[in-house]
Structure formats: C-alpha cells, structure tokens
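Architecture at a glance
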Amino acid sequence: MDKNVVIAIVLGALVLIAGAQAFQLFTLKNKIAEGSVGVSAQTQVGASASSPQLPSNLQNLPSMVGGC
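Residues numbered from 1 in each chain as written. Predicted model: local features only at pLDDT ≥ 70, side-chain atom pairs only at ≥ 80, totals over all residues. Heavy atoms only, no water.

We now examine the overall build of the protein chain. A count of helices and strands for the protein chain gives two helices and zero strands. Across the 68 residues in the protein chain, those meeting the buried criterion constitute 0%. For the protein chain, the exposed surface amounts to about 6300 Å²; the carbon and sulfur share of it is 65%. (Helix = DSSP H or I, 4+ residues; strand = E, 2+ residues; numbered from the N terminus. Buried < 20%, exposed > 50% of the residue type's maximum accessible area, 1.4 Å probe, protein only. Areas by Shrake-Rupley, 256 points an atom, 1.4 Å probe, with all protein chains shown as cover.)

The subject of this paragraph is helix 1 (residues 3-34). Over its 32 residues, helix 1 runs 47 Å from end to end, which matches the ideal 46 Å to within 8%, given 1.5 Å per residue. Note on helix 1: the residue one or two positions beyond its end, G35, has a positive phi of about 85°. (Expected span 1.5 Å × (residues − 1).)

On to a nonpolar patch on the surface. Together, M1, V5, V6, I9, V10, L14 and I17 line one region of the surface with nonpolar side chains, adding up to about 700 Å² of accessible area. Here I17 is to be found in helix 1. (Patch = residues over 30% accessible without salt bridge, like charges linked within 9 Å, V, L, I, M, F, W, Y side chains within 5 Å. Salt bridge = Lys/Arg side-chain N within 4 Å of Asp/Glu carboxyl O.)

Take a look at the structure:
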C-alpha cells in the first residue's frame, strides 16, 4: 500500500469518529434541553452538611499512602 492511501484511510476513520461523537453530543444536548435526562446528587442532611464525612474506605487514606 502506498503511504498516502494509508494516511487517507486513517484520516477518513478519524473524520467518521468525530462525526459520530458530534451526533452523540447533539442528541445529549437535546435530551438535556427537553429534561429527559435525570441528574442525581447525594445530599447530606443535618450537621454533617457543613463538614461532609468521607466514606469509610477513604477515612484512613493518609496512613495508607504514607502521609505525615
């Protein structure tokens, strides 16, 4: 195969991938505008809202990585 043919094939594939991603982004934008995409957020209630608690597996993280 010629070098230019390979470059053209790779460039074509990249353009197709970019087109597919643009289409996905456009449809996602429309779904968000219509309100059909839900967003969930975890909220903390009470006194812990001002100082959020870390999950149990992250509470001793500094000792795991050798922090001072």
